[in-house]
Amino acid sequence: MVSRRLSRLEGHRRKFLAVIDDTPECQRAVHYAGMRAKNSNGGVVLLYVIANADFQQWLGVEEIMRAEAREEAEAVLAKAAQALREAIGIEPETVIREGVASEQINGLIEEDRDIAILVLAAGSAKEGPGPLVSSLASRAQAFPIPVTVIPDQLTDEELDAMS
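Here goes a summary of the coordinates provided. (Residues numbered from 1 in each chain as written. Predicted model: local features only at pLDDT ≥ 70, side-chain atom pairs only at ≥ 80, totals over all residues. Heavy atoms only, no water.)

Here Glu98 is to be found in strand β3 (residues 93-98). For the pair Glu98 and Val49, spaced 49 residues apart in sequence, the C-alpha separation works out to 5.4 Å. (Helix = DSSP H or I, 4+ residues; strand = E, 2+ residues; numbered from the N terminus.)

Before going further, it helps to spend a moment on the side chain of Arg28. In this structure, Arg28 sits in helix α1 (residues 26-39). Owing to a relative accessible area of 13%, Arg28 belongs among the buried residues under this scheme. In this view, Arg28 contacts Ala121, Ile150, Pro151, Asp152, Leu154, Thr155, Asp156 and Leu159; residues no more than four positions away in its chain are not counted. (Buried < 20%, exposed > 50% of the residue type's maximum accessible area, 1.4 Å probe, protein only. Contact = heavy atoms within 4.5 Å.)

We now examine the pattern of salt bridges. Within the structure shown, the criterion is met by six salt bridges. Here Lys15 ties to Asp112 by a salt bridge, and the two come within 2.8 Å at their closest N and O atoms. Here Asp112 lies in the loop between α3 (101-111) and β4 (115-121) and Lys15 lies in strand β1 (residues 15-20), a separation of 97 residues in the sequence. Accessibility expressed as a relative area gives 9% for Lys15, which makes it buried. Judged by its relative accessible area of 14%, Asp112 is buried. Residue Glu98 is joined to Arg66 by a salt bridge in which the shortest nitrogen-to-oxygen separation is 2.6 Å. Placement of the pair is Glu98 in strand β3 and Arg66 in helix α2 (residues 59-88), with a sequence separation of 32 residues. (Salt bridge = Lys/Arg side-chain N within 4 Å of Asp/Glu carboxyl O.)

This part covers the nonpolar core. Counting residues in each nonpolar core, the largest one holds 30 residues, and the members touching the most others are Ile20, Val44, Leu46, Val119 and Ile150. Those elements that provide at least two residues to this core are β1, α1, β2 (43-50), α2 and β4. When residues no more than four places from it in sequence are discounted, the contact partners of Val119 are Phe16, Leu17, Ala18, Val19, Ala29, Tyr32, Ala33, Thr148 and Ile150. Among the nonpolar cores identified, the runner-up in size contains 14 residues, and Val49, Ile109, Leu120 and Phe143 belong to it. (Core = buried A, V, L, I, M, F, W, Y, C linked by side-chain atoms within 4.5 Å.)

Structure follows, in structure tokens:
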């Protein structure tokens with residue numbers, strides 16, 4: 001069970017959570033989340049999750065790999081945040097977590113009770129729509145708030161019209 005959302009109470013505002021990764025479709029989710037936030041006087045949280053499985057090495061090597069992964073996460077988040085600022089004029093919050101993506105998403109939603117909507121983007125690759133969208137579709141991992149899934153083929157103009 002998820003904690004009660006506070007986004008409609010005085011002093012709070014509804015936040016849209018977009019998960020950032022290196023897939024091209026994640027830009028769709030960021031754009032849509034930004035437009036929804038702008039049109040509803042809300043906020044945007046950009047989350048980047050570093051997979052723990054990447055760090056099963058000797059301690060010294062593990063620390064170097066972890067630092068490199070963190071630097072990459074910061075660079076990818078900075079690029080997404082800058083694109084949001086330039087295109088929509090919104091200053092997003094950025095969060096970096098380490099672990100299993102679905103667990104980290106649920107943890108952040110539980111901690112930040114202003115997050116009211118999770119925005120994901122479906123990919124159009126032959127492998128499927130992406131791991132988060134696939135887990136949602138299979139009901140293996142339900143998210144505790146409403147989820148908006150953005151089709152990959154929509155243009156910015158089409159997304160703007162829907163938000």
